[in-house]
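Breakdown of the fold
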Amino acid sequence: MRWYLKLLPILFILLIWQIASVLINNAFILPQPLSVAAVLSNPTADILGSGSIFDNAILSIWRVILGFGLAVLCAVPFGIIIGRYRLIEELVNPVIQLFRPIPPLAWVPLALAWFKIGLASIVFIIFIGSFFPVLINTIDGVRRVNRTWIETAAIYGAKGWKLLAYVILPASAPIIWTGLRVGFGVAWMCVVAAEMLPGTTSGIGYLIMYSYNWGQVQVIVAGMIVIGVIGIGVDVVFRAVEKRKFQWQEMNR
Amino acid sequence: MTVTISRVGKVFASRQGEPLIVLDDLSLTIEKSELVCILGPSGCGKTTLLRMIAGLDHTTSGVIDVDGVAVTGPDPRIAMIFQEYSLYPWRTVRANVEFGLQMRGIPPEERREIVDRNIRLVGLEDFAMSYPYELSGGMRQRVAVARALATDPAVLLMDEPFGALDAQTRNRMQKELLRIWEKTKKTIIFITHSVDEAVFLADRIVVLSPRPGRVDVIYDVNILRPRDRTSVEFAKLRRDVLELIDRLEERQ
Ligand SMILES: Nc1ncnc2c1ncn2[C@@H]1O[C@H](COP(=O)(O)OP(=O)(O)OP(=O)(O)O)[C@@H](O)[C@H]1O
Ligand SMILES: [Mg+2]
C-alpha cells in the first residue's frame, strides 16, 4: 500500500475531531486540533511552570530505560535458566503464574510503602510491568530451541557458555526480542500511569495531570499524542531490528 | 579408524508399562576407511544405534569403541549428520561450516582456509555468503557434510542424509559422497531406506532385523566403482537385498 494512503484514516479522524470541536464549542471538553497543534509545534516551551513537553518526555523515557533495563537484566538470565532446566521450571512456574496476572498498578501502594514517592517507586512499577513479558518470552524461546541444533552443537563439543552464546541465545533471540518489544510497551504505559500518581512532580504523565488541574485540555491532548508517537516510534525500531536480524525465522518454514 | 560395536543393547523405559527393547545384543565391526550402509525396517533402532556411536545416547548394555577407546560422550573423532534439517538458519553457509571449528577453539585465521577448502569440496563456493533458507534441500545437506568434514573426524555418521531429496539430486549427492570419501578416506556409517542407494555406495551392507534390532545379514558388495545401476550384478544384489527386507517386514 502507498504510504500516503495510510494517512487517510488519520486525516479522517482529524476531520471528525474538527467538526466535533466546533459543534461542542467548549475548549474544556474538546479543544480544537489547531490549539493542540500550537502546543505541539512548540515542544520546548515551558508549560505553566512545570517544564516543557520535550523535557518531561525525556524524563519519562529515562525512567522507562531504567525500569525496563533493570527488568531485562533480571528477566533474560533468569528466563534462560528456567528455560534450560526442567526442574527449576516446575519449581518456579506456580510462582510466576501467581504473580503474572497482577496488574502493575496494583503494586502502587506497596511501591509507595517501600520506596516513597519518587524515582524508585516509578522505576519499580515499570520493572514489575515489563519483567513478566520478558521473562515468559525468554523461557518460551529457550525451551523451543530445536533439539537437533543442540545435539549438533554437542557433536562439535560445544558446552557451557559456548552452547549458550552460539546456539541457545541466537536460536531463541527472535522470541526473546518479541518479549522485549511487548515488555517495552507495558513499561511505557506504566511510566505514564505511575507519573499520574499524586506527589509526582515531573514526567509526561505528570504534565497531563497537571494540565487537567489547570483546565488546559489542549495540553492534555498534546501530551497524549506525544505518548502515542513515542510508543509507536520505539515499536517501529523494534520491528525494524526484528525484520533485519531475524528474517531467518520466517523464511525457515 | 575402526568402530567396534560389541553386544550392544538399548532399552527405552516407556511410560505405558513394558520397557521397549530397541536393540538387542548387536555386534558389528566397521573397518578403517570402510563405507558401510545400514538398512532395516522403520523403527528397528538404526537412528538409536548411530546416536550411541556419536555419544549422544548411552548404551544399556555392551560397548562401542573407536580404535580401542570406548565412546562415552560426543567425541572429536566422530561427526554425525542428522536425518532432519540441522543447519543453523541464522548463520551463513560459511559460518555453518565454520561452526565445529569455532566450538573447538581453532583460531580464526586457521579456520578460514579449512572452511574455504570444505566449501569448495562440496561445490558451494558461490553460496558461501547465503543463508540456509536461500538454498535447496540438496545444497543444505552438502553444507551439513562440509560442516562435518571441516572438523576432520575419522568417522562420519550419516542418518538418511539424502532421504528427503528427489531421485536426481539424490543420485548426484551419492556420486559426490563417493568422490569425497575416496579423497578423504573417512570411515562412513550410512543409514538409508533405499536398497538402491546402499548397493550403489557401500563396501558392505548391514541389514538389521525388526525390533529388537540385531544384525540379520551382512552383504559384501564386490562391484567395482563407479557402479552401473543397470548392470546385471547390481540388479541381482539389489533384488537379493530387497527380497530379504520383504521377508523381514513380513516377520514383523
Ligand atoms: N528417546 C526415546 N525414548 C523412547 N523411545 C524411543 C526413543 N528414541 C527412539 N525410541 C524408540 O526406539 C525405536 C527405534 O527408533 P529409531 O529412531 O532408532 O528407529 P529407526 O530405525 O531410525 O527408524 P526410521 O527408519 O523410521 O528412522 C522406535 O520404536 C522409537 O519409538
Ligand atoms: Mg531413523
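Structural data are supplied above this passage.
Remember, predicted model here, so these are calculated numbers, not experimental data.

Rules used in this analysis
Residues numbered from 1 in each chain as written. Chains lettered and ligands numbered in written order. Predicted model: local features only at pLDDT ≥ 70, side-chain atom pairs only at ≥ 80, totals over all residues. Heavy atoms only, no water. Helix = DSSP H or I, 4+ residues; strand = E, 2+ residues; numbered from the N terminus. Contact = heavy atoms within 4.5 Å. Buried < 20%, exposed > 50% of the residue type's maximum accessible area, 1.4 Å probe, protein only. 1 Å grid on protein atoms, 1.4 Å probe; cavity = no way out; pocket = protein on both sides within 12 Å on 5 of 7 lines; lining within 4 Å. Points joined across faces, edges and corners; volume = space filled by probe spheres on them. Donors = N, O, S within 2.8 Å, 3.2 Å for Na, K, Ca; no water. Patch = residues over 30% accessible without salt bridge, like charges linked within 9 Å, V, L, I, M, F, W, Y side chains within 5 Å. Areas by Shrake-Rupley, 256 points an atom, 1.4 Å probe, with all protein chains shown as cover. Salt bridge = Lys/Arg side-chain N within 4 Å of Asp/Glu carboxyl O. Lys, Arg positive; Asp, Glu negative; His and termini not counted. Charge placed at Lys NZ, Arg CZ, Asp CG, Glu CD. Pairing = 2+ DSSP bridges. Axes fitted to C-alpha atoms, helices over the stretch in contact; angles between N-to-C directions. Buried area = accessible area lost by both parts, 1.4 Å probe. Polar contact = N/O pair within 3.5 Å; in protein donor to acceptor, adjacent residues only side chain to side chain. Nonpolar A, V, L, I, M, F, W, Y, C, P; charged D, E, K, R; others polar. Near = heavy atom within 4 Å.

Quick look at the overall build of chain A now. What chain A contains, in helices and strands, is 11 helices and 0 strands. Starting at the N terminus, the α and β elements of chain A follow one another as α-α-α-α-α-α-α-α-α-α-α. On the principal axes, the C-alpha backbone points of chain A span a range of 75 × 50 × 30 Å. Here the contacts in chain A between residues at least 6 apart in sequence split such that 71% fall between residues at least 24 apart.

Our next topic: the side chain of S50(A). Residue and element names in this part refer to chain A. Structurally, the position occupied by S50 is in the loop between α2 (33-40) and α3 (53-84). Exposure remark for S50: the relative accessible area of 12% places this residue in the buried category. Ignoring anything within four residues of it in the chain, the contact list for S50 reads N56, Y206, L207 and Y210.

Here we take up empty space enclosed by the protein. Residue and element names in this part refer to chain A. All told, the structure shown has 2 cavities of 30 Å³ or more when counted by the stated rule. Looking at the largest cavity, its volume works out to about 60 Å³. Residue lining of the largest cavity: L112, I117, G118, S121, I122, I125, A194, L197, P198 and T200, and that is the complete set. A per-element tally of the lining of the largest cavity places helix α6 (residues 119-143) first, with 3 residues. Approximately 50 Å³ is the volume attributed to the second largest cavity.

What follows covers the coordination of the magnesium ion (ligand 2). Bound to the magnesium ion (ligand 2) on the protein side are T47(B) (OG1) and Q83(B) (OE1), at distances that span 1.9 to 2.8 Å. Remark: Q83(B) occurs in the loop between β6 (78-81) and α2 (93-103) and T47(B) occurs in helix α1 (residues 46-54); sequence separation between them is 36 residues.

With that settled, consider a negative patch on the surface. There is a patch of like negative charges on the surface, built from E243(B), D246(B), E249(B) and E250(B). With respect to the helices and strands, E243(B) occurs in helix α7 (residues 232-251).

Residue and element names in this part refer to chain B. Spatially, 4 strands are ordered β2-β1-β4-β5 in an open sheet, and the strand pairing comes out antiparallel. Edge strands, defined here as strands with exactly one partner in the open sheet, are β2 (20-30) and β5 (69-70). As paired elements, strand β1 (residues 3-12) and β2 share 7 bridges and run antiparallel to each other. Of the residues in β2, the one forming a bridge with T4 is T29. Set on the sheet, α1 makes contact with β1, β2 and β4 (61-66); between it and β1 the angle comes to about 120°.

As a further point, take the interface of chain A and chain B. Chain A puts 21 residues into the contact, and the matching count from chain B is 28 residues. Together, I155(A), Y156(A) and Y166(A) form the three largest contributors to the area buried by chain A at its contact with chain B, with a combined 35%. Where chain A packs against chain B, one counts 1 salt bridge. The partner of R51(B) in a salt bridge is E151(A), with the nearest N and O atoms 2.6 Å apart. Run the count over chain A and chain B and you get 10 residue pairs in polar contact (both at pLDDT 80 or more). Contributions of two or more residues to the side of chain A that touches chain B are made by α7 (147-155), α8 (160-195) and α11 (247-251) of chain A. Looking at the side of chain A that touches chain B element by element, the count peaks at 8 residues for α7(A). Among the residues making up the side of chain A that touches chain B, the classes are represented as 12 nonpolar, 5 polar and 4 charged.

Residues and elements named next belong to chain B. In the vicinity of ligand 1 there are 14 residues, among which S42, K46, T47, T48 and R211 approach most closely. The separation between an oxygen atom of ligand 1 and a polar side-chain atom of Q83 is 3.3 Å. For ligand 1, the accessible surface in isolation is 640 Å², of which the surrounding protein chains cover 64%. Counting residues per element, the ones that place at least two in the shell around ligand 1 are β2 and α1. The biggest single contributor to the shell around ligand 1 is α1, with 3 residues.

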